[in-house]
Amino acid sequence: MIPVLLPTPENIRRAADALRQGNLVAMPTETVYGLAGDALNPQALAKIFSVKQRPFFDPLIVHIADRSWVEKLCDQLPPEAKILMDHFWPGPLTLVLPKQKLVPDLATSGLNTVAIRMPSHPVAQALLREANIPLAAPSANPFGRLSPTQADHVAADFSTGIDCILDGGPCVVGVESTVIGWINGEPTLLRAGGVPLEILEVTLKKPVAIHSHDSESSPQSPGNLPSHYAPRTKLVLIPPNPPEGGAPPWGVRGEREGLICFGNEPVLAGFAVVENLSTKGDFHEAATNLFAALHRLDASGLNVIYARLLPEIGLGRAMNDRLRKAAATL
Ligand code: AMP
Ligand code: MG
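First, a word on scope: everything that follows refers to the structure included in this document. Residue positions within a chain follow its written sequence, with the count starting from 1. Chain labels run from A onward and ligand labels from 1 onward, assigned in the order the entries are written. Totals for whole chains, interfaces and linings use all residues, but because this is a predicted model, local features are given only for residues with pLDDT of at least 70 and pairs of side-chain atoms are given and counted only at 80 or more. Side-chain measures were taken over the full set of non-hydrogen atoms in the model, leaving aside hydrogen atoms and water.

## Digging into the packing of helix α1 (residues 9-20) against helix α6 (residues 122-131)
Note the threshold: Every axis in this analysis is a line fitted to C-alpha atoms, fitted for helices over the stretch in contact. Angles between the N-to-C directions lie between 0 and 180 degrees. Helix and strand definitions here come from DSSP, where helices need a minimum of 4 consecutive H or I residues and strands a minimum of 2 consecutive E residues; each element is numbered from the N-terminal end. To sort the angles, those under 35 degrees are grouped as roughly parallel, those over 145 as roughly antiparallel, those from 65 to 115 as roughly perpendicular, and the leftovers as oblique. A clockwise turn of the near helix away from the far one marks a right-handed crossing, whereas an anticlockwise turn of less than a right angle marks a left-handed crossing. For this analysis, residues touch if any pair of their heavy atoms sits within 4.5 Å. Three residue categories are used. Nonpolar comprises Ala, Val, Leu, Ile, Met, Phe, Trp, Tyr, Cys and Pro, charged comprises Asp, Glu, Lys and Arg, and polar comprises the others, including Gly.
The contact between α1 and α6 brings their axes to 9 Å, and the two run at 55 degrees. One element, α1, and the other, α6, form an angle in the oblique class. As for the relative orientation of α1 and α6, their crossing is right-handed in sense. For the pair α1 and α6, contact is made by Ile12, Arg13, Ala15, Ala16, Leu19 and Arg20 and by Val123, Ala126, Leu127, Glu130 and Ala131, respectively. Taken together, the residues of the contact of α1 with α6 sort by class into eight nonpolar, no polar and three charged.

Given below as structure tokens:
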């Protein structure tokens with residue numbers, strides 16, 4: 001069993017010592033729980049890939065608590081990068097920037113760019129400051145499965161390989177960070193996340209391109225696989241406008257079915273478990289609930305989980321991305 005520890009100063013010191021010795025710690029961030037290791041130590045990075053069973057071609061996000069690390073880790077910052085750091089750090093925004101030699105190739109999957117972010121969670125910040133090293137921290141779940149937004153999600157997924165889990169309570173954002181890179185010199189959305197695209201565009205006073213991940217070997221964001229964030233139970237998306245007169249796919253006799261919905265839509269009958277992400281239609285509340293709701297449905301002994309996509313605006317974009325990938329088959 002991996003110890004789940006309250007983030008007392010003593011436990012933060014213990015976790016920071018473990019990190020400096022090259023071991024892994026699960027830490028709360030405002031997005032999801034991260035599996036943290038020393039970003040400058042290739043052996044610690046190798047442990048992250050091995051414990052998560054993450055393929056080496058999927059690069060890691062490096063977390064910092066202090067802007068002085070930016071110049072040590074990154075090079076040739078585009079003009080928009082500083083504006084974005086000033087506005088959104090600390091917070092759920094990751095920037096993909098040209099890397100300095102100091103960053104091990106394992107952190108970037110051999111790319112010449114590094115993904116970097118400053119988390120706002122007080123426990124993540126305290127741990128980063130105490131360890132005094134940048135921390136690579138992908139989500140603390142087995143690769144491809146549901147992301148953890150509570151300490152007990154992490155404890156349920158792993159039994160070895162992690163020194164301790166710091167319990168910082170439920171994550172307040174609940175979806176992963178927005179990832180922005182630069183393609184042909186222009187800021188481009190590589191992954192929808194906790195900072196909505198519209199807010200980035202208002203801040204930068206210009207449109208932000210959306211990178212298409214259609215090509216299987218997209219060099220810009222190798223981690224954007226079509227299947228990810230998946231529960232063990234089959235997840236099926238309900239089309240926004242089911243064909244009229246056509247029989248709905250749910251309600252098949254003998255199946256125990258679950259539903260994920262949002263807002264005050266009429267409740268569909270016949271589901272064994274219904275998770276409404278936010279009855280009042282609040283995107284922020286829905287994002288906070290998304291993964292916990294999926295974890296609960298996954299533990300409810302269902303044959304299938306149905307999910308309706310949210311409106312494709314604001315945080316809805318990030319949640320729909322997670323639901324589409326959860327529904328994709330490998
Ligand atoms: P995760 O840590 O799984 O939440 O996701 C990190 C994601 O950031 C990866 O899956 C990549 O898509 C993206 N990423 C990290 N580093 C880079 C990079 N150097 N270039 C492009 N995308 C990156
Ligand atoms: Mg992840």
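## Comments concerning the environment of Leu45
Residue position: Leu45 is located in helix α2 (residues 42-52). For the pair Leu45 and Ala136, spaced 91 residues apart in sequence, the C-alpha to C-alpha distance is 7.4 Å. If sequence neighbours within four positions are ignored, Leu45 has contacts with Asp38, Ala39, Leu60, Pro104, Leu106, Ala107 and Ala136.

## Some points on the pattern of salt bridges
When charged atoms on two side chains of opposite charge get close, those side chains can pair. Test applied: Definition used for salt bridges: Asp or Glu carboxyl oxygen within 4 Å of a side-chain nitrogen of Lys or Arg. Type-normalised accessible area, obtained with a 1.4 Å probe on protein chains alone, sets the label of each residue: buried when under 20%, exposed when over 50%, and partly exposed for intermediate values.
Under the definition given, this model contains 16 salt bridges. One salt bridge in this structure joins Arg14 and Asp163, with 3.2 Å as the shortest N-O distance. Here Arg14, found in helix α1, pairs with Asp163, found in the loop between α7 (151-157) and β8 (164-166); they are 149 residues apart in sequence, far enough to count as distant. For Asp163, a relative accessible area of 25% translates into the label partly exposed. Across the pair Glu312 and Arg324 runs a salt bridge, and its minimum N-O distance is 3.1 Å. Residue Glu312 is located in the loop between β15 (304-308) and α10 (316-327), and its partner Arg324 is located in helix α10; the two are separated by twelve residues in the primary sequence. The class for Glu312 is partly exposed, based on a relative accessible area of 36%. For Arg324, a relative accessible area of 38% puts it in the partly exposed group. One salt-bridge network, held together by shared partners, links Glu176, Asp321, Arg322 and Lys325.

## Observations regarding α1
Stated precisely, the cut-off is as follows: To estimate how far a helix should reach, multiply one less than its number of residues by 1.5 Å. The arc in question is the one spanned by the directions pointing from the helix axis to the C-beta atoms.
With twelve residues, α1 extends 16 Å from end C-alpha to end C-alpha; this agrees with the ideal 16 Å at 1.5 Å per step. Taken as a whole, α1 has its buried residues at Asn11, Ile12, Ala15, Ala16, Ala18 and Leu19. Considered in projection along α1, the buried side chains sweep an arc of 155 degrees and stay on one side of the axis. Every exposed residue of α1 that faces more than 90 degrees away from the buried side is listed here: Pro9 and Glu10. In this fold, the buried residues of α1 make contact with β1 (4-5), β2 (25-27), β3 (34-38), α6, β7 (135-136) and β8. Backbone geometry just after α1 places Gly22 at a positive phi near 90 degrees.

## With respect to unusual backbone geometry
Each neighbour pair has its own omega, and for Trp89 with Pro90 the value is -5 degrees, a cis peptide bond. Counting through the fold element by element, Pro90 comes out in the loop between α4 (79-88) and β5 (93-98). The backbone of Gln76 shows a phi angle near 45 degrees, a positive value even though the residue is not glycine. Counting through the fold element by element, Gln76 comes out in the loop between α3 (68-73) and α4. One non-glycine residue, Tyr229, adopts positive backbone phi at about 55 degrees. Among the structural elements, Tyr229 can be located in the loop between β11 (209-210) and β12 (234-238).

## With respect to α2
Test applied: Here a polar contact means two N or O atoms within 3.5 Å. Within protein one must be a hydrogen donor candidate and the other an acceptor candidate, and residues neighboring in sequence count only if both atoms are side-chain atoms.
Burial in α2 covers these residues: Ala44, Leu45, Ile48, Phe49, Val51 and Lys52. Tucked inside the fold, the buried residues of α2 contact β3, α5 (105-108) and β7. Put simply, Asn41 is the residue that caps the front of α2, since its side-chain oxygen is 2.8 Å from the backbone nitrogen of Gln43. Two residues or fewer past α2, Gln53 is found with a positive phi of approximately 55 degrees.

## Focus: the side chain of Thr233
Mapped onto the fold, Thr233 is located in the loop between β11 and β12. Classification of Thr233 as buried rests on a relative accessible area of 11%. Within polar-contact distance, the side chain of Thr233 engages the side chain of Asp298 at 2.6 Å. Every residue in contact with Thr233, bar those within four places of it in the chain, is listed here: Asp298, Leu302, Asn303, Val304 and Ile305.

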